[in-house]
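Breakdown of the fold
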Protein chains: 2
Amino acid sequence: MNELTMNLKTRSKIPLYEQIYSYIKADIQCGRIGYREKLPSTRALSKHLEVSRSTVELAYEQLLSEGYIEAEPYRGFFVAQTEELYHLKKERVQAFAPKQEKKYRYDFSPNGVDLRSFPYNAWRKLSKDILMDDRTELFRSGDSKGEYGFRNAISSYLHQARGVNCSPEQIIVGAGSDYILMLLSMILGREHRIAFENPAYKQAYHMANALSYETVPVPLDKNGMVVSALEASGADIAYVTPSHQYPTGIVMPINRRMELLRWAAKRDGRYIVEDDYDSEYRYKGKPIPALQGYDAHEKVIYLGTFSRSVAPAIRLSYMVLPQTLMEAYERKNGFVHSTVSKVDQLIMQRFLEEGYYERHLNKTRALYKGRHDVLLEGLKPMWDILTVSGEHAGVHLLLTFQNGLTETELIQRAAKEDVRVYGLSDYWIGETKEEKPTILLGYANLTEGQIEEAVEILERCFRR
Amino acid sequence: MNELTMNLKTRSKIPLYEQIYSYIKADIQCGRIGYREKLPSTRALSKHLEVSRSTVELAYEQLLSEGYIEAEPYRGFFVAQTEELYHLKKERVQAFAPKQEKKYRYDFSPNGVDLRSFPYNAWRKLSKDILMDDRTELFRSGDSKGEYGFRNAISSYLHQARGVNCSPEQIIVGAGSDYILMLLSMILGREHRIAFENPAYKQAYHMANALSYETVPVPLDKNGMVVSALEASGADIAYVTPSHQYPTGIVMPINRRMELLRWAAKRDGRYIVEDDYDSEYRYKGKPIPALQGYDAHEKVIYLGTFSRSVAPAIRLSYMVLPQTLMEAYERKNGFVHSTVSKVDQLIMQRFLEEGYYERHLNKTRALYKGRHDVLLEGLKPMWDILTVSGEHAGVHLLLTFQNGLTETELIQRAAKEDVRVYGLSDYWIGETKEEKPTILLGYANLTEGQIEEAVEILERCFRR
């Protein structure tokens, strides 16, 4: 072959061997050096290029390992058959403007998470440590329920923080709550009527409908889902948010919880799905243990997630199955691969075990409590026209108005002043049954200063 | 309050402020310092402990941010109401021995992936860069189809490497192929009869059954699924692996592909699911473009995955929907959150864009080709008792025996010598139709030396 001439950049950040490798590879790919052509010996090329012989050897090894050249004992290196090799051109990524929703100056979204308080440094450190440590085990196919150590850490957390009684064997980890519901539907089968609280957590309600379940709304009183109405609905599964009803913020008292458990115990095949989506945040009194902790008849399917308390883009949710459903899971779904990468599971496991999660929860809790308090304080001057409810927990509260404005008018007046508030009617299943106009204010994504400013604006535009 | 006495370790790796923080936190948690008790001023404590004042200030700030103490202007720091705070004890992880399958000295698993060739350094580097770069955007809730940039990189890869015609809008990313099938079933609805190749890729077949579909096996001839039998089966969806039929290794020729496409075009609502699970590995001739590339009637749903070509624990699969199904997806499933974390999507995106994937594919291809060649060579002395098929692609091949031994006998004889081989009958739906005993040998997880050794053992035990 002709001599290989290449313009090596000794001061480049790209190592010399890599530059040589790239030159030769490009020459092979475009056919400048043909099939079966012999490459110069490593000694000759190193002399020609004035680099060390080991540099050329490294470049040849790389070409060899990727199939561009072949080594023949005592004869040297030859260009291989490269037709079958991958040669992917780098295409420029098209510019793309995602559809943007109108941005408001103040957005009281009830689904906010303060991402500025995300523990970047801890997360990065754990991620680095784990990628350093584990090597091959980390990338081998994992346990379909989720890694045992991670499930063990979850079970310990749930026991301490939520009073949930379970062994790691009952926990199944999945990539987000939507996925967990898909998996659960495969375990339970289709033949069920599911009762939802009304107003409801719509994401779960939509999911149940998309999974072709028959769904039925059940009204709430001040203690949560009305059990006599549940009984009358003919449903055999009740989907509830007892720790903090979404969206009304009702905390289900112990009597109602017991009543609900008795409803489930009355018939075989009845279940309660307890969605404990944001129990982490309470600002007054002790947290109330999960319904699951009182369940003596293996009737509660407990759902939890780290996507809300850590970050939405971290797809880590889980369910705790009652013993009675474990057999069905193993039989019907045991073969389904886990949807969460091992790396993420291990990061979250250490995040729990090494105390980072406890600190993160206390920190965000203090942050949200501050915002909650400022919001409550700011609303005081409006007590003549509204009633506050659902406060002291979660990351939003509700305002019910008695000043003659409709919900739509309230939202539109606020929108005109660049403040976004959310109407309760969006959460109703079927026709809105609420007569009193009510809006939701979420405060997780606004600073205390922003809340003060926004509440002043709201007062101005809600007074007629 | 009493003076805070603590035994600070100046030479510890734990910073002093963190030690002070931990001491006070522990005292508050166990009640040694009670609610409303005043903490010493930062000046007094720094003097007492002989540390700088800023060290104490840092410790107090930490306690403040986690809600253990409260600051009162002009008065100092007081212990807060801490009942609601999280206090998670570190429980020891129980020792746990996962169920272990018998380990064989030589395991010819057809589902192997060589994890020693996993590009740890590149993966770690990209992971680090991404966690450095993006900050909050990285943890915000993402696009439900998957990040646009990632889908763009996939579409460019598919176009170049597989001849797939699609825009990024048609691609939906999900955490593994099982999940993709769940999502697809929600788009298509339940009312379908799905035809599977027989013998079949059982994971997808089990999934279809678990999703309550009616399934029907369709026989193969030497060109793949027999289209007249498919027509007779009454199925409206055909699940096929045309690039490399699993498990027989048949590569569907262009005529059969066209025949299959004509079958689909004949009726509204008919679809072909093309599972292109391991098209990356071919050792002879150019790769055959995907069936999707020939589809003029929007009938092919293309499935792909990075879990096989990169690592099983990386949960990254995707489907390409025909335009005709996009509307149904948006309407029925647009609201379902993505199951893949943004970090993983961005790592894989850069892995594709920066040429790492191309290099990885060529490297593993060369590696597997080496093993494939050694295995073929080693089998030559047995040509009188067996026929090889399904070679030149994928990571396994098939041996059909004519020496009078049954499949079970072949497997048992090998097992006795600590070699694991796999029977074709496991892949049959319904009763085994294969009369000739056939075993599968996967070579992705064995070195060339191990393959040579194992094949010698096999010859010894297969000769009667």
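Residues numbered from 1 in each chain as written. Chains lettered and ligands numbered in written order. Predicted model: local features only at pLDDT ≥ 70, side-chain atom pairs only at ≥ 80, totals over all residues. Heavy atoms only, no water.

With that out of the way, let us pick up the sheet that holds strand S12 (residues 386-389) of chain A. Hydrogen bonds between backbone atoms are what pair the strands of a sheet, whose relative direction is either parallel or antiparallel. Pairing is antiparallel in the open sheet, where four strands are placed in the order S12-S13-S16-S15 (chain A). Here the strands that pair on one side only, and so sit at the sheet edges, are S12 and strand S15 (422-423) of chain A. (Pairing = 2+ DSSP bridges. Helix = DSSP H or I, 4+ residues; strand = E, 2+ residues; numbered from the N terminus.)

A few words now on the environment of Asn223 of chain A. Residues and elements named next belong to chain A. When you line up the elements, Asn223 lands in the loop between strand S6 (214-221) and strand S7 (224-225). Through-space distance from the C-alpha of Asn223 to that of Ile254 is 9.4 Å; in sequence the pair is 31 residues apart. Apart from residues no more than four positions distant in its own chain, Asn223 is found in contact with Ile250, Met252, Pro253 and Arg256. (Contact = heavy atoms within 4.5 Å.)

Turning our attention to the sheet that holds strand S9 (residues 271-275) of chain B. Residues and elements named next belong to chain B. Strand order across the open sheet formed by eight strands is S4-S11-S10-S9-S8-S5-S6-S7, with mixed pairing between neighbours. Two strands lie at the open edges of the sheet, namely strand S4 (171-174) and strand S7 (224-225), each paired on one side alone. Examined bridge by bridge, strand S5 (residues 193-198) and strand S6 (residues 214-221) share six bridges and lie parallel to one another. Along S6, the bridge assignment pairs Glu197 with Val218. Against the sheet, helix H6 (residues 148-162) touches S4, strand S10 (300-305) and strand S11 (317-320), its axis set at about 110° to S4. With respect to the sheet, helix H8 (residues 202-210) is in contact with S5, S6 and strand S8 (237-240), its orientation differing from that of S5 by roughly 160°. (Axes fitted to C-alpha atoms, helices over the stretch in contact; angles between N-to-C directions.)

In this section: the interface of chain A and chain B. Chain A puts 94 residues into the contact, and the matching count from chain B is 91 residues. Put simply, chain A and chain B have four salt bridges between them. Note that Glu358 of chain A is salt-bridged to Lys25 of chain B, the shortest N-O span being 3.3 Å. Here chain A is connected to chain B by 17 residue pairs in polar contact (both at pLDDT 80 or more). Taken together, the residues that form the side of chain A that touches chain B break down as 39 nonpolar, 24 polar and 31 charged. (Salt bridge = Lys/Arg side-chain N within 4 Å of Asp/Glu carboxyl O. Polar contact = N/O pair within 3.5 Å; in protein donor to acceptor, adjacent residues only side chain to side chain. Nonpolar A, V, L, I, M, F, W, Y, C, P; charged D, E, K, R; others polar.)

Moving on, we get to the environment of Gly449 of chain A. Residues and elements named next belong to chain A. Mapping Gly449 onto the fold places it in helix H15 (residues 448-462). The class of Gly449 is partly exposed, set by a relative accessible area of 30%. As a C-alpha pair, Gly449 and Arg371 span 78 residues in sequence and 8.9 Å in three-dimensional space. (Buried < 20%, exposed > 50% of the residue type's maximum accessible area, 1.4 Å probe, protein only.)

To continue, consider the packing of helix H7 (residues 177-188) of chain A against helix H7 (residues 177-188) of chain B. Taken N-terminus to C-terminus, the directions of H7 of chain A and H7 of chain B make an angle of 80°; their axes are 11 Å apart at the nearest point. Taken together, the axis directions place H7 of chain A and H7 of chain B in an arrangement best described as roughly perpendicular. Between H7 of chain A and H7 of chain B, the residues in contact are Tyr179, Met182, Leu183 and Met186 of chain A and Tyr179, Met182, Leu183 and Met186 of chain B, respectively. (Parallel < 35°, antiparallel > 145°, perpendicular 65-115°, else oblique.)

The next thing to look at is the packing of helix H13 (residues 356-379) of chain A against helix H3 (residues 53-65) of chain B. Where H13 of chain A contacts H3 of chain B, the two axes come as close as 8 Å, and the packing angle between them is 75°. Between H13 of chain A and H3 of chain B, the interaxial angle falls into the category roughly perpendicular. Listed contacts from H3 of chain B to Arg359, Asn362, Lys363 and Ala366 of chain A of H13 of chain A are Gln62, Leu64 and Ser65 of chain B. Its residues assigned to classes, the contact of H13 of chain A with H3 of chain B shows two nonpolar, three polar and two charged.

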